[in-house]
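Breakdown of the fold
The lines below spell out each chain.
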Amino acid sequence: MNRPRSIPYRDELLADGSVHRRYEDGHEEWRRRDGGTRVHWQDNRGASGTDEALGRRIIKRLHADGTATYGRDIGYGRTLWGQGETVLVNRTSFGGRMGVLLGGLGLVTLAVTVAQYPPVSLSPEEEEELRQQAAQSSSSGGDGGGGDAGGGDGDGDWDSGDGWNSDDGGGWSDDDFG
């Protein structure tokens, strides 16, 4: 079992419909949905790219330079990145607050096992299979398999339409990818 570094963050909905994400380590991101299945982001360190919720709670982060990394939503507002090095904790959502409570008890990373690690890499065919699984799951009323791609509580609020959350009529959801 690994004890990843925990980085809490909070999201703020901006007037233009985008989201400003502030991490407690000083990192900041500005995020906007593209009307499809991706979130475009840029940060205060000059990096940019897209996040995409794939099936089985896997998140693909594609950097502008073409580098891809993968994360996995592990619930309670926590997203595990890399091979267990970092867990992002969403303090915005209920699930995120639950993750913070668990963290206060020293349990936020206790349940992180090798089985929860995201893949190191995926082939284009594997990615497409995960996208299809997510689409099938969401069309059949399942959780979409994508979770929140990073910071959410994994309650299935990922929406492949124009909105941030399918439950709120197209508005922002505080468990957007992390």
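Cut-offs used in this document
Residues numbered from 1 in each chain as written. Predicted model: local features only at pLDDT ≥ 70, side-chain atom pairs only at ≥ 80, totals over all residues. Heavy atoms only, no water. Buried < 20%, exposed > 50% of the residue type's maximum accessible area, 1.4 Å probe, protein only. Helix = DSSP H or I, 4+ residues; strand = E, 2+ residues; numbered from the N terminus. Pairing = 2+ DSSP bridges. Expected span 1.5 Å × (residues − 1). Arc of directions from axis to C-beta. Contact = heavy atoms within 4.5 Å. Phe/Tyr/Trp six-rings, centres within 6.5 Å; stacked < 30°, edge-to-face > 60°. Lys NZ or Arg CZ within 6 Å of the ring centre and 35° of its normal.

1. Considerations on the pairing of strand 4 (residues 38-43)
- Burial of strand 4 is one-sided: the residues Val39, Trp41 and Asp43 facing one way are buried, the residues Arg38, His40 and Gln42 facing the other way are not.
- Bridge analysis of strand 3 (residues 28-33) against strand 4 gives five bridges, and the strand direction is antiparallel. The residue of strand 4 that forms the bridge with Arg32 is His40.
- Counted between consecutive antiparallel strands, the loop separating strand 3 from strand 4 contains four residues, among which Gly35 sits at a positive phi close to 90°.
- As defined by bridge partners, strand 4 adjoins strand 5 (residues 48-53) across five bridges and the pair is classed as antiparallel. Its bridge partner being in strand 5, Val39 is matched across the sheet by Asp51.
- The antiparallel hairpin formed by strand 4 and strand 5 contains four residues in its connecting segment, where Gly46 sits at a positive phi of about 90°.

2. A short note on helix 2 (residues 124-139)
- A rise of 1.5 Å per residue sets the reference length of helix 2, with its 16 residues, at 22 Å; its end C-alpha atoms lie 22 Å apart and thus fit the reference within 8%.
- Those residues of helix 2 that fall on the buried side of the exposure criterion are Glu127, Leu130, Ala134 and Ser137. Projected down its long axis, helix 2 shows its buried positions confined to an angular sector of 90°, all on one face. Away from its buried face by more than 90 degrees, helix 2 exposes Pro124, Glu125, Gln136 and Ser139.
- On its buried side, helix 2 packs onto strand 6 (58-63) and strand 7 (68-75).

3. Regarding the packing of aromatic side chains
- One pass over the structure, following the stated rule, counts one aromatic pair.
- Ring centres 5.4 Å apart and planes at 50° place the aromatic pair Tyr9 and Tyr23 in the tilted group. A residue pair is termed long-range when its members are at least 10 positions apart, and Tyr9 in strand 1 (residues 5-13) and Tyr23 in strand 2 (residues 19-23) qualify at 14 residues. Tyr23 matches Tyr9 in its accessibility class, with the two residues each being buried.
- Directly above the aromatic system of Trp41 lies the positively charged group of Arg61, at a separation of 3.9 Å from the ring centroid.

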